[in-house]
Amino acid sequence: ARRVLRAASVFGQRFWRGAVKSLLGENDASLDVVEWLRTLEDRELVARRPSSRFADEAEYVFRHALVRDTAYAALTDTDRALGHRLAAEWLERAGEHDAVLLGEHLQRAGDERRAVRFYRAAAAQALEGNDLEAAVDRATRGIVSARGEDRAWLLLYAAEAEAWRGRFTEALELADEAVLEAGRTASELCLRSFHVTAIACGRLGRIERLEQLAYE
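Rules behind the numbers
- Residues numbered from 1 in each chain as written.
- Predicted model: local features only at pLDDT ≥ 70, side-chain atom pairs only at ≥ 80, totals over all residues.
- Heavy atoms only, no water.
- Pairing = 2+ DSSP bridges.
- Helix = DSSP H or I, 4+ residues; strand = E, 2+ residues; numbered from the N terminus.
- Axes fitted to C-alpha atoms, helices over the stretch in contact; angles between N-to-C directions.
- Contact = heavy atoms within 4.5 Å.
- Buried < 20%, exposed > 50% of the residue type's maximum accessible area, 1.4 Å probe, protein only.
- pLDDT = per-residue confidence, 0-100.
- 1 Å grid on protein atoms, 1.4 Å probe; cavity = no way out; pocket = protein on both sides within 12 Å on 5 of 7 lines; lining within 4 Å.
- Points joined across faces, edges and corners; volume = space filled by probe spheres on them.
- Nonpolar A, V, L, I, M, F, W, Y, C, P; charged D, E, K, R; others polar.

## Describing the sheet that holds strand β1 (residues 14-16)
Next up, step 1: Spatial strand order, β1-β3-β2: three strands in an open sheet with antiparallel pairing. Of all the strands in the sheet, just β1 and β2 (46-48) have a single pairing partner and so form its edges. In this sheet, neighbouring strand axes are inclined to one another by 30° on average, regardless of whether the strands run parallel or antiparallel.
Next up, step 2: Sheet topology places β1 next to strand β3 (residues 59-62); three bridges connect them, and they run antiparallel. Of the residues in β3, the one forming a bridge with Arg14 is Val61.
Next up, step 3: Packed on one face of the sheet, helix α2 (residues 17-24) meets β1, β2 and β3 and runs near 75° to β1.

See below:
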């Protein structure tokens, strides 16, 4: 029962029967996950939901957040990292489209490179959907671990979102950093960064900087 709870806790407050099987090893004949989930239901530690996020997958929730937190805390650092990697893989196979969720699992697994790609996609989606606060948040999460082109794009997304929010000082700083990270080329990234810079300088009255940008 403890093994099932620990595996389930990796997914958060809600989890799926197939996900738990995947983390514990589906070929482990000594562990009947279905039966143990029934036992945990009877003990009122978890509850099965009437509908599921994924087709053909029974979805459960922890009845109490304390139970989930205690089970998660019982994992070793090694098991926790492995669990999050396996969780991300299972969720991708199941058809999960929440790039932030996948990025979080991969980041906790220590796979920063793959996590950054999901944060980049999530930031772009949020910006396109005009969810400016989410765009900044998602870009910031990725910037911490990103390098090179990925980091430059994340900086640009954050800069564009900040400009739309009217935070022109922050937008200018982020756009400048994006150009430094990418290198001054005639790329889409740099041109979009210069566009943010021009808007921010105009709103901030940085006329000298605008003139300098024109010559650049």
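## A look at the environment of Gly148
Next up, step 1: In this structure, Gly148 sits in helix α9 (residues 148-164).
Next up, step 2: Judged by its relative accessible area of 28%, Gly148 is partly exposed.
Next up, step 3: Here the alpha-carbon distance between Gly148 and Thr39, two residues 109 residues apart in the chain, equals 50 Å.

## Things to note about the confidence of the model for the protein
Next up, step 1: Overall, the prediction assigns the protein a mean pLDDT of 92, with 96% of residues at 70 or greater.
Next up, step 2: Within the protein, the element-level pLDDT minimum falls on helix α12 (residues 207-215), averaging 80, and the maximum on β3, averaging 98.

## Section: the side chain of His105
Next up, step 1: Among the structural elements, His105 can be located in helix α6 (residues 99-108).
Next up, step 2: Leave out the neighbours within four places in its chain, and His105 touches Val10, Phe11, His84, Ala87, Ala88 and Leu91.

## Topic: the layout of surface pockets
Next up, step 1: Roughly 230 Å³ of internal volume is contained in the largest pocket.
Next up, step 2: Lining the largest pocket we find Arg3, Arg6, Ala7, Val10, Leu23, Leu24, Ala74, Leu75, Asp79, Leu82, Gly83 and Leu86.
Next up, step 3: Only α1 (2-9), α2 and α5 (77-94) provide two or more residues apiece to the lining of the largest pocket.
Next up, step 4: Here the element with the most residues in the lining of the largest pocket is α5; it accounts for four residues.
Next up, step 5: Here the residues of the lining of the largest pocket are counted per class, giving eight nonpolar, one polar and three charged.
Next up, step 6: Quantified by volume, the second largest pocket comes out at close to 150 Å³.
Next up, step 7: Every residue lining the second largest pocket is listed: Glu160, Ala163, Trp164, Phe168, His195, Val196, Ile199 and Arg203.
Next up, step 8: Element by element, the count of residues in the lining of the second largest pocket is highest for helix α11 (residues 188-204), at four residues.

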